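# Structural description and commentary
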Amino acid sequence: MSGSKWLYIGKRLLLLIPTVWGCATLTFFLLKLTPGDPAVQALGPKASKQALAALRESWGLNDPLWQQYLRFLGDLCTGNLGTSYSAKAPVAELIATRLPVTLIIMILAALFAVLIALPLSIWVATSGSRWVGEFVRILNAVAQGFPTFFLGALLLQFFAIQLGWFPIGSVSGGVDVAALVLPSIAVAVAIAPILIRSLTQSLKDSVSSEYVNFGKAKGLSYGKVLFGYALRNGSMSAVSVLGIQVGFLVGGTLVVENVFAVPGLGQLLMDSVMKRDFPVVQSLTVIFGIIVVLVYLITDLAYGALDPRAAKRG
């Protein structure tokens, strides 16, 4: 890897600093504005005032807001994510046990979205049939019309409950990939329509381009021209679109985890918000911000691998 490439990666990784700071700051102050008392959530509404006051004091909730904020940033800089109010366990441990599940769902969802979009886009771009294009357009409209949680519920009911093809409920005894397939498909179906539109248009432009015609004139096989020339160049815009969709990918993953009762970061976030578990919510927001920046970096690197000119411009 060239020095300019490493410099580019270093610059993008530096973006983690303002991103993490922005996510942490915004989350910290928004949580302080939300109604509810973490001490009451932990001890119950019937707890005595003395017990509630002692717990708030031990958690530092009685300190001035600016002191709480600076303490939070200082702990974050040292990698100390604090202790969960509800679980009474280090937040870093809670996240470490659930992060692999969420990452696997995100990776599988991206993979399934590509597996859905690629053959349909190639079919539309190479068939030249208006009916094929209309059929795929209708499929896109139907897919976009299903909310992620509703599609997830349908998949759960049919494939897991009725057919019994996939396990139901929590992932136990480690990461059971079979239990993560249906949640991943639910997220992938929501992403695929945008990916199909982008890839189809790019492939249409590539198929009719001069370099593809030149490849045909050289006597190259149809498969070589399609996959070696047209698909390589046509997939660049799709890579960018897939990277841009990372926000929806993260959001969709958080939703389906609760639908399928998968113990990932999404379920942890939902439980922590309901229990006013500030350290967990703040830490998870920072983790999601880091994931988004890293996915953008991977997207840029993939785009640069497909188009070296983009890497030089970067």
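Keep in mind that this is a model prediction, so the values were computed, not measured.

Now for the nonpolar core. In this structure, Ile95, Phe260, Leu265, Leu268, Leu284 and Phe288 are the most contacted members of the largest nonpolar core, which totals 50 residues. Counting only elements with at least two residues in this core, the list comes to α6 (91-127), α7 (130-145), α8 (148-162), α9 (178-207), α12 (246-259), α13 (265-274) and α14 (278-306). Considering every element that reaches this core, the biggest residue donor is α6, with 13 residues. Counting only domains with at least three residues in this core, you end up with domain 1 (2-90) and domain 2 (94-312). Counting residues in hydrophobic clusters, the runner-up holds eight residues, among them Val20, Ala24, Tyr69 and Phe72.

Attention shifts here to the side chain of Thr27. Along the chain, Thr27 falls in helix α2 (residues 16-33). A relative accessible area of 10% means that Thr27 is categorised as buried. Ignoring anything within four residues of it in the chain, the contact list for Thr27 reads Val281, Gln282 and Thr285.

Mapped onto the present numbering, the UniProt feature "transmembrane region" (unreviewed entry) falls on residues 12-31, 103-126, 138-165, 177-196, 239-260 and 280-303. Between the C-alpha atoms that bound residues 138-165 there is a distance of 28 Å. The span itself is 82% helix and 0% strand. Between the end C-alpha atoms of residues 177-196 the distance is 26 Å, and the span holds 95% helix and 0% strand.

What counts, and at which threshold
Residues numbered from 1 in each chain as written. Predicted model: local features only at pLDDT ≥ 70, side-chain atom pairs only at ≥ 80, totals over all residues. Heavy atoms only, no water. Core = buried A, V, L, I, M, F, W, Y, C linked by side-chain atoms within 4.5 Å. Buried < 20%, exposed > 50% of the residue type's maximum accessible area, 1.4 Å probe, protein only. Helix = DSSP H or I, 4+ residues; strand = E, 2+ residues; numbered from the N terminus. Domains from an automatic or database assignment. Contact = heavy atoms within 4.5 Å. UniProt positions renumbered as here; feature names shortened; annotations may be inferred.

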